[in-house]
Amino acid sequence: MGLHGVKAVFFDLDNTLIDTAAAGRRAIEERAPRPLQVISALQSKHHYGEGEARAICDKVQAKLLKECHDPAKMCITDLRISHWEEAIQETMGGEANRDLAAECYYLWKTTRLQHLTLAEDTRAMLTELRKGLRLLLLTNGERQTQREKIEACACQPYFDAIVVGGEQKEEKPAPSIFHYCCDLLGVQPAECVMVGDSLDTDIQGGLNAGLKATVWLNKAMTAPVDASPVPHYIISSVLDLPAVLQKMEHNINAKLESDHMASSDE
């Protein structure tokens, strides 16, 4: 692999290589083996009802999904403490409680990071792929938050380079960040594959940058809401990627053979 076509693979991080969404849910809801999670803490330590505690956490989750962060105006920690502060006030009324909001945020953040792991079978796949390809981690997001996730899941040894969107002038889907990644690895866009779970950033970005192929991780295998953008390949598990790359290599070899035969006929 890598002789004729693909020389590098770019991987998204969140909900592609690690299950960030599940880790966030567990940080809020899980009670065993230690009642450190937010709902338990709000109930046992601060005597909130379970319904109130769940309502606060639901509101925070909704705020995270709609979050717009401008690092020039506010650090990510202050912004996320504000999410909790607003959610508590919206649910309970009364005065804002910044101290409780900060406690909830740090508890949620610490517990989530503990649950961010790079699965053994994923590690094995990356190790095997790296024998013939250059691998790069390309993640959008605020610098501190993403670096903490990368550290927590200990994925650095599996990549030739790691690029965090929050450290660049532009994030995915801008072509510039993909071309920067190509330059880091010394490859051309037409020699690279992008793998990720987001049609809007990973797939559209790969298409914008003129990469050889885009691979959409669609765990639920649900049809996209609209027809655009269209990935080159769709997989339900990141572990299906080697088979896709083998298929691409086979297609490239078949085309080279066909072109050779055609030129011989001439």
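Data block above holds the structure.
Because the structure is predicted, anything quoted here is derived from the model rather than measured.

Draft legend 1. Here's a closer look at the overall build of the protein chain. Across its full length, the protein chain holds ten helices and six strands. Considering only C-alpha atoms, the protein chain reaches an extent of 85 × 40 × 35 Å along its principal axes. Residues classed as buried in the protein chain amount to 46% of the 266 residues present. Of the contacts formed within the protein chain by residues at least 6 apart in sequence, a portion of 62% connects residues at least 24 apart. Carbon and sulfur atoms make up 51% of the accessible area of the protein chain, which amounts to about 13400 Å² in all. Considering the protein chain, the positive charge centre built from 28 side chains and the negative charge centre built from 39 side chains are found 3 Å apart.

Draft legend 2. Representation of the environment of Glu67 within the structure. Residue position: Glu67 is located in the loop between helix H3 (50–65) and helix H4 (76–92). Note: C-alpha distance between Glu67 and Leu79 (twelve residues apart in sequence) is 9.0 Å. Polar side-chain contacts of Glu67 include one of 2.9 Å to the side chain of Arg80.

Draft legend 3. Looking closely at the pattern of salt bridges. Applying the stated criterion across every chain, the model contains 17 salt bridges. When the shortest N-O distance is used, the salt bridge between Arg80 and Glu67 registers 2.9 Å. Here the residue Arg80 occupies a position in helix H4, and Glu67 occupies one in the loop between H3 and H4, the gap between them amounting to 13 residues. Judged by its relative accessible area of 12%, Arg80 falls in the buried class.

Draft legend 4. Spatial organisation of the side chain of Ser82. The topology assignment puts Ser82 in helix H4. In terms of polar contacts, Ser82 uses its side chain to reach the backbone carbonyl oxygen of Asp78, at 2.9 Å.

Draft legend 5. Spotlight on the nonpolar core. With 34 residues, the main nonpolar core has Val9, Phe11, Leu137, Phe159, Val193 and Leu241 as its most contacted residues. The residues contacting Leu137, other than those within four sequence positions of it, are Phe11, Asp12, Leu13, Leu17, Ile150, Cys155, Phe159, Ala161, Ile162 and Val163. Ile28, Ala41, Ala87 and Tyr105 belong to the second-largest nonpolar core, a separate cluster that totals 23 residues.

Draft legend 6. Expanded view of helix H9 (residues 199–208). Within H9, the full set of buried residues consists of Leu199, Asp202, Ile203, Gly205 and Gly206. Contacts from the buried residues of H9 go to helix H8 (175–185), strand E4 (192–196) and strand E5 (213–217). Between the side-chain oxygen at the start of H9 and the backbone nitrogen of Asp200 there is a gap of 3.3 Å, and the oxygen is on Ser198. Positive phi appears at Gly210, one or two residues downstream of H9, with a value of about 75°.

Draft legend 7. View of the sheet that holds E4. With parallel pairing, six strands are arranged side by side in an open sheet as E3-E2-E1-E4-E5-E6. Each edge of the sheet is formed by a strand with only one pairing partner; in this case those strands are strand E3 (161–164) and strand E6 (233–235). Strand-to-strand twist in this sheet, taken as the mean axis angle between neighbours without regard to direction, amounts to 20°. Two strands pair when backbone bridges link them, and strand E1 (residues 8–11) and strand E2 (residues 134–139) are joined in this way by four bridges, in the parallel orientation. Note that in E2 the partner of Phe10 across the bridge is Leu136. Packed onto the sheet, H8 meets E1, E2, E3 and E4 and runs at close to 150° relative to E2. Contacts from H9 reach E4 and E5, with the element oriented near 170° to E5.

What counts, and where the lines are drawn
Residues numbered from 1 in each chain as written. Predicted model: local features only at pLDDT ≥ 70, side-chain atom pairs only at ≥ 80, totals over all residues. Heavy atoms only, no water. Helix = DSSP H or I, 4+ residues; strand = E, 2+ residues; numbered from the N terminus. Buried < 20%, exposed > 50% of the residue type's maximum accessible area, 1.4 Å probe, protein only. Contact = heavy atoms within 4.5 Å. Areas by Shrake-Rupley, 256 points an atom, 1.4 Å probe, with all protein chains shown as cover. Lys, Arg positive; Asp, Glu negative; His and termini not counted. Charge placed at Lys NZ, Arg CZ, Asp CG, Glu CD. Polar contact = N/O pair within 3.5 Å; in protein donor to acceptor, adjacent residues only side chain to side chain. Salt bridge = Lys/Arg side-chain N within 4 Å of Asp/Glu carboxyl O. Core = buried A, V, L, I, M, F, W, Y, C linked by side-chain atoms within 4.5 Å. Pairing = 2+ DSSP bridges. Axes fitted to C-alpha atoms, helices over the stretch in contact; angles between N-to-C directions.

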